[in-house]
Structure formats: structure tokens, C-alpha cells
Amino acid sequence: MIEQRLSQVVTQAFAACQEAGEIPRTVVCPPIHLERPRQSAHGDLATNIALVIAKAAKRSPRAIAEALVARMPSDPHLQGVSVAGPGFINFDLIPTWFVEQLTEIIAADQRYGCTNIHQGERCQVEFVSANPTGPLHVGHGRNAILGDVLGNLLAAVGYQVTKEYYVNDTGVQIETLGRSVLCRLRELQGEKAAFPAECYQGSYIIDIAQQLQGDGTAVAWQTLDERAQSLACGRYAADRILRGITDDLAACGVVHDRYFLESALHVEGAIPVVIEQLRHAGHLYEQDDALWFRSTAFGDDKDRVIRKSDGSLTYFAADIAYHARKYVEGFSRVVDVLGADHAGYVPRMKAVVAALGHDAGSLDYVLTQLVNLTRGGEVVSMSTRRGEYETLARLIAEVGRDVTRYFYLMRSHTAQLDFDLALATAQTLENPVYYVQYAHARICSIFAKAEATGAGWRQRDPLEASQLDLEEERALARLVGEYPGLIRAIAEELAPHRLTVYLLEVARTFQSYYTRGKQDPRYRVLGQALPKMQAKLSLLHCLRIVIRNGLGLLGISAPERMNRIEGDAAHHD
RNA sequence: GUGCCCGUAGCUCAGUCGGAUAGAGCACAAGCCUUCUAAGCUUGGGGUCGCAGGUUCGAAUCCUGCCGGGCACGCCA
């Protein structure tokens, strides 16, 4: 907030310098980058603009900085501006600069951090989209949580977001699924045959076969021929598995707005239509009896087959129609969250979007790297074939929703993630998610106490700036003021892990401040003269808002009290 | 072989658009509870930012080449 204000001040100074001929008119004013210097001696905020434009302006950075400072309009929040080092401009703020900001935070409340910069734009986030041939495993979990939070973040900057799951409910894999179930069914009926190696080996297939037999469905299908039975089994199993997936996702707090079935594309006849469209635009050609899409014209490594020489369509063909449909539906921005093993798919899909006449930049791919699930240092196998993998459902049951989500979000999605179950469960006391939640609970507890003593927080009272005179309080105020800018940046970069880093810093700064109250009464909130307590409570309320809203975007609860965990008693010996 | 991701403290990882003396947690060492939750806090040790060049006022960050780990390279999905 203060950053916006100061960047305007700098922009005005820049314009004034150009007016005065101190900066050539050919130099474009870059985005003003204001940062919090590591050392307090370097002011409250600093900008490097003079260093950035020095070369283009053909003047020394220091000279430019001096000129900018000389022509800088005054601002009531500034008490000093200086040029330092190679040409940084350091800003010293008046001690009470943050008061308006706190007032604004309290007024914005639940909406604090949300902006409307993308108002009126529709965005679709497609994620999970796992084939309904088996339960979700921990790799899908990362995709699910990341996609869910990206959706929340994009909504926070104004997009009208739709969270979507694309279901491949046709094709080879569903046929294999049907055959797998049918084979297990035959086994249950006493037939003796080796279970095919290419079929799904997991025990859930047997469960489905048992259910089929148990509810009499299998009997009704006995009049059908082999292929029809297999197809029926496939549909039945896919439907059941998809329902299981939906349940597992719900257990993680992930709910999609829509499940879009691939079969719907076939029913609509959407694929021939989009093929015609591409052919018309000259992006297709026939070769070796197959139909090709000239994706190399848009930067792909090689052209891609849409219709195989045997006349059948590729998976890619359906996906083209699916993506074309997204734009027809009115989404101006599309985000697909995929596993990194599908990275090779990105150039051809962007090529499709471009070939259809859209900006390829409107389609973003977020690729999640591998998740290594370990338990006490040992890698847990995730082979679907052998059916030994660790399911997401089991992870949630064992670790819990909040911890699971936080762990997935803690690391950049561009890096592989080691998810240590032993750490997530056994070391709950040092778990960062509890640390952040605890900060929230502690603040709530202080408010409850204030209420109980009859001197509760009165929101309507004006905040008296002079009452917040501690350095730590200014640091906290500055931190919560950075929140909206951070959300904007994170939504732009599609990098939610930065929010966990930020929340941890907020929690840490608060915990440190809080604990000083044990020794130093000035740091205590309760028991102060009324105006001071009111001011401190207002600050704490802002902290509470930021933690609550931040955790909310992450889909993690912000409890008002934390129940003690067994084993903590050791600390009191 | 080609493309993408990763390499930062003993371990797990942050590090924004190139910025001032590279950070946190865990682990280790020493302290702090009559008071708003000690699930906490304070202090300390610990670094060839994989290696070598380059770009420039300045590089963990950008470029090139290597080394190491992962993933992908189909008329499969």
C-alpha cells in the first residue's frame, strides 16, 4: 500500500526530471521496484530506479538519483529521502505512516488482499484430470492442491474462476479397465486363468468386481457378448472410481466446479468440427494415410498426428477439441496443471491455441514435479502396475488435511518434493503449519481475554498512531501491508509456495513480539492504558486478518484455539 | 543424443525485475516460564550459492560450456 504511494511519487519525480531535461525523453520509466532494505540504516524502503536507467540515460546512477530526489514531490508519509551507495534512493517514513493502512485493512477485512485488476475476465483452471482407472496417489495430490490454490489466487485478483476436471472416460485405458474388472469377475466366478499383465493389478479392481457380483449387476450382463460385457464393466468401474476420486478430493478440501467428460466431445461431434476449422486455416496435411497438425509452424519440435492411418483419432484430437471449447465458452485465460512427465505436451497444445487464432500466452501450463513419498527415509513405491502405491486418501487419513496441503504448498512446484510421512506425522510439534495456526490462535486468545476482562476491542475507536511506538510493531504493520502486493505477484507468477513462506515470516515476527511480553511489559497487549491497548489490538486484528485470509487462500483452517498435543508435557518437567 | 526441471549451511528448502553484509526450519551448543497458550522465545557456531568462463558499477539471480540428479522425447493415453 505504501509501496504504491511511493512509486507514484517516484514516477512523478521521473516525469519532472524529463521535463527539466535531466533524463532524456527517450528513456521509458520502468516499473518502480521498491524493496525493504535488509538493514534498517538503509531506510524503510528503497528503490534502485537510478541504477536501472543509468545506462539508457547516459548519466551516473548517483547523479540521476540526486536529480530524482530534488524533483520529488513531498508526501506526508516521508520524513527523509536520501541517496546512498551506488545510487539507491532510500526513504525514511514517519513513525506513524502505517496507521491509515491498518485502518484500511480492518475495513477490508475478509476482502483484504483481494483486488479487482482482472475484473470481468474469465479464467479456467484445469487440474487433476486423472484417468478414472485407479485411485489418486500422492502425485495427483500435489496437482490437486496446487490447482485448487491457483484457482483461489486467481479469483483473489478478480478473475471469475472455474475449476475443472477433464475426465478421459473413453478410449484404450477404459477398455483395459473393463477387461481388468471382467477378468477379476471371472476369477470370482471360479474361472481359472492367469491375470493379464497389461491389466490393472491393484486390489481395488477386485473390490469393484466383488461389488459387481454382489449387487447382481454382473448376472444381468451375462447375456451380453464378451466385448459388451467388458465395455459395461469399464463404464461401471470408471464411474465408481471417479466417485472415489471425488471423495478423496473432497477430503483434501478440493471441489471442482465441473467435471467435463471427454465422451461429451464425441457426443457433440466437436472433434470433426475443430478438425475442419484447422484444415480450413491450412494447418493440416495428409501423409502416410494419417492426418497431421503442422505444430512446427508454431514452434513445436515435430508435427503431430491427429488421425492415425487406421482411421482412429489420437488422444490429441480430443484434446484439441476440448481446448478449442474452452475459448468458445468465453475463457480468456486458461491454466492447465499437469505432471512434469507431460511437459512434452505443452508446445503442441500452445500451437493449437495459436492455430485457432488465440494468443498462445493465454494458455498457461503449470507443471508439477515428482513427489517422492518417504517413510522414515525409505522411499515408498508408487508403481500403479503393482498396485503398491500410496494413495492420497491414505495420506490424508494419516496426516490430515491442513498438514497435507501445507506440505504440498511449501515447496516451489518446479522442484521435486520429498514428502516425508514420518516428518509430517511424528514431528507435528515442529510442523510449520501448526506454527502459523498457533500464531492465529494466540491472537484470538488475546481477544477472548480482552473480552472477558470487560475491556474488549472497540473497532470503531480511531487508531491513535502515537500508541504504537515499538520498532517491532512497525515491522508487523509493514509486513501486513505487503500482503496485497504479494498476492498480486503470486497470482501473476502462479507461485503459491511464496504465500507459505510469507505466512511463516508473519507468524515468526509475531511470536517473537509476543514472547518479549514475558519479560518486558511494554510488549504486552493487555493491561495497558486503554488507548494503547486499543491500538495494539487493532494491530493484532490486522495480523489475524492476514493470517486468516492467507490460510484461507491455501485452503487451510485458521483455528481460534489449538488443542494441546500429547507429548508436550515433557516441556514442563 | 535433444528438450525441460533441479543443484544454496550437516539435512529439508526460501531467496521477487540483477542490488547494499546470502536467509529460515530441523539438527547442534548455551540461556529464558509468578503474567496475553513454553505447540513459544533469545543468543551462538555452521557457506567455494555444483564447477569454469563471460556480460557490468554490481551475479545465487542473466549468457555459454561442463559435472551431477530427475523427467520427457510414439500414428500410446
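These figures come from a predicted structure and were not determined experimentally.

A.B. asks: Could you clarify how one ought to interpret helix α12 (residues 315–328) in this entry?
C.D. replies: The periodicity of an α-helix, 3.6 residues per turn, causes residues three or four places apart in sequence to face the same way. In this model, α12 (14 residues) spans 20 Å end to end at C-alpha, consistent with the 20 Å of a helix rising 1.5 Å per residue. The buried count for α12 comes to 11 of 14 residues, which makes it a mostly enclosed element. Looking only at α12, the buried set comprises F316, A317, A318, D319, I320, A321, Y322, H323, A324, K326 and Y327.

A.B. asks: Looking at this structure, I do not really get the pattern of salt bridges. What am I missing?
C.D. replies: A pair can form between side chains of opposite charge whenever their charged atoms are brought close. Counted by the stated rule, this structure contains 30 salt bridges. Among the ionic pairs, E100 bridges to R5, the shortest N-O distance being 4.0 Å. Of the two residues, E100 sits in helix α4 (residues 99–108) while R5 sits in helix α1 (residues 2–19), which places them 95 residues apart along the sequence. Judged by its relative accessible area of 42%, E100 is partly exposed. In this structure R5 comes out as partly exposed when scored by relative accessible area, which is 34%. Residue R325 pairs with E268 through a salt bridge whose shortest N-O separation is 2.7 Å. With R325 in helix α12 and E268 in helix α10 (residues 262–268), this residue pair connects regions lying 57 residues apart in the sequence.

A.B. asks: Please explain the sheet that holds strand β7 (residues 258–261) as it appears in this structure.
C.D. replies: The strands that make up a sheet are held in pairs by hydrogen bonds between backbone atoms, and each pair lies either parallel or antiparallel. Here we have 5 strands laid out as an open sheet, ordered β7-β6-β5-β11-β12, and parallel in their pairing. Single-partner strands in this sheet number two, and they are β7 and β12 (363–368). Strand-to-strand twist in this sheet, taken as the mean axis angle between neighbours without regard to direction, amounts to 25°. The sheet contact formed by strand β6 (residues 160–167) and β7 spans 4 bridges and is parallel. In the strand pairing of β7, V167 is matched with L261. Relative to the sheet, helix α5 (residues 138–156) contacts β5 (122–126), β6, β11 (333–339) and β12, its axis offset from that of β11 by approximately 160°.

A.B. asks: Explain the packing of helix α6 (residues 172–188) against helix α7 (residues 203–214) here, please?
C.D. replies: Each pair of packed helices gets described by two things: the angle between the helix axes and the distance between those axes. Packing of α6 against α7 brings their axes to within 8 Å, and their N-to-C directions diverge by 65°. Considering the relative orientation of α6 and α7, their crossing is right-handed. Contact residues: α6 offers L177, S180, V181, R184, L185 and L188, while α7 offers I205, I206, I208, A209, Q210, L212 and Q213. In terms of residue class, the contact of α6 with α7 is built from 9 nonpolar, 3 polar and 1 charged.

A.B. asks: Sorry, what's going on with unusual backbone geometry here?
C.D. replies: Residues apart from glycine generally show negative phi values, whereas peptide bonds are mostly found in trans. Not every positive phi belongs to a glycine, and D109 is a case in point at roughly 50°. Along the chain, D109 turns up in the loop between α4 and β5. Classification of D109 by relative accessible area gives partly exposed; the value is 24%.

A.B. asks: How should I be thinking about the confidence of the model for chain A in this particular structure?
C.D. replies: Regions with low pLDDT carry predicted coordinates that are not meant to be interpreted in detail. Chain-level pLDDT for chain A is 90 on average; 96% of the residues reach the 70-or-more range. Confidence drops under a pLDDT of 50 for residues 566–573, and excluding neighbours within four residues, the segment shows 1 contact in the predicted structure. Across the assembled chains, the prediction reports ipTM 0.95 with pTM 0.93.

A.B. asks: In this structure, what is going on with the pairing of strand β13 (residues 371–375)? I would like to understand it.
C.D. replies: When a strand is regular, its side chains alternate between the sheet's two faces. As paired elements, β13 and strand β15 (residues 417–420) share 4 bridges and run parallel to each other. Along β15, the bridge assignment pairs L373 with F419. Two elements, β13 and strand β14 (residues 378–379), share 2 bridges in a ladder whose sense is antiparallel. The partner of T374 across the bridge, within β14, is V379.

A.B. asks: Before we go on, may I ask you to explain the side chain of K326 in this structure?
C.D. replies: The topology assignment puts K326 in helix α12. The exposure class assigned to K326 is buried, which follows from its relative accessible area of 1%. One polar contact links K326 to Q124, side chain to side chain, over a distance of 2.8 Å. Excluding anything up to four places from it in sequence, K326 contacts Q124, E126, F331, V334 and D336.

A.B. asks: Explanation requested: the packing of α4 against helix α18 (residues 471–481) in the structure shown.
C.D. replies: Contact geometry of α4 with α18 gives a least axis separation of 10 Å together with a crossing angle of 50°. With respect to α18, the axis of α4 lies oblique. The handedness of the crossing between α4 and α18 comes out as left-handed. Across the interface between the two elements, Q101, L102 and I105 from α4 touch A477, V480 and G481 from α18.

The rules we used
Residues numbered from 1 in each chain as written. Chains lettered and ligands numbered in written order. Predicted model: local features only at pLDDT ≥ 70, side-chain atom pairs only at ≥ 80, totals over all residues. Heavy atoms only, no water. Helix = DSSP H or I, 4+ residues; strand = E, 2+ residues; numbered from the N terminus. Expected span 1.5 Å × (residues − 1). Buried < 20%, exposed > 50% of the residue type's maximum accessible area, 1.4 Å probe, protein only. Salt bridge = Lys/Arg side-chain N within 4 Å of Asp/Glu carboxyl O. Pairing = 2+ DSSP bridges. Axes fitted to C-alpha atoms, helices over the stretch in contact; angles between N-to-C directions. Contact = heavy atoms within 4.5 Å. Left-handed = near helix turned anticlockwise from the far one by under 90°. Nonpolar A, V, L, I, M, F, W, Y, C, P; charged D, E, K, R; others polar. pLDDT = per-residue confidence, 0-100. Polar contact = N/O pair within 3.5 Å; in protein donor to acceptor, adjacent residues only side chain to side chain. Parallel < 35°, antiparallel > 145°, perpendicular 65-115°, else oblique.

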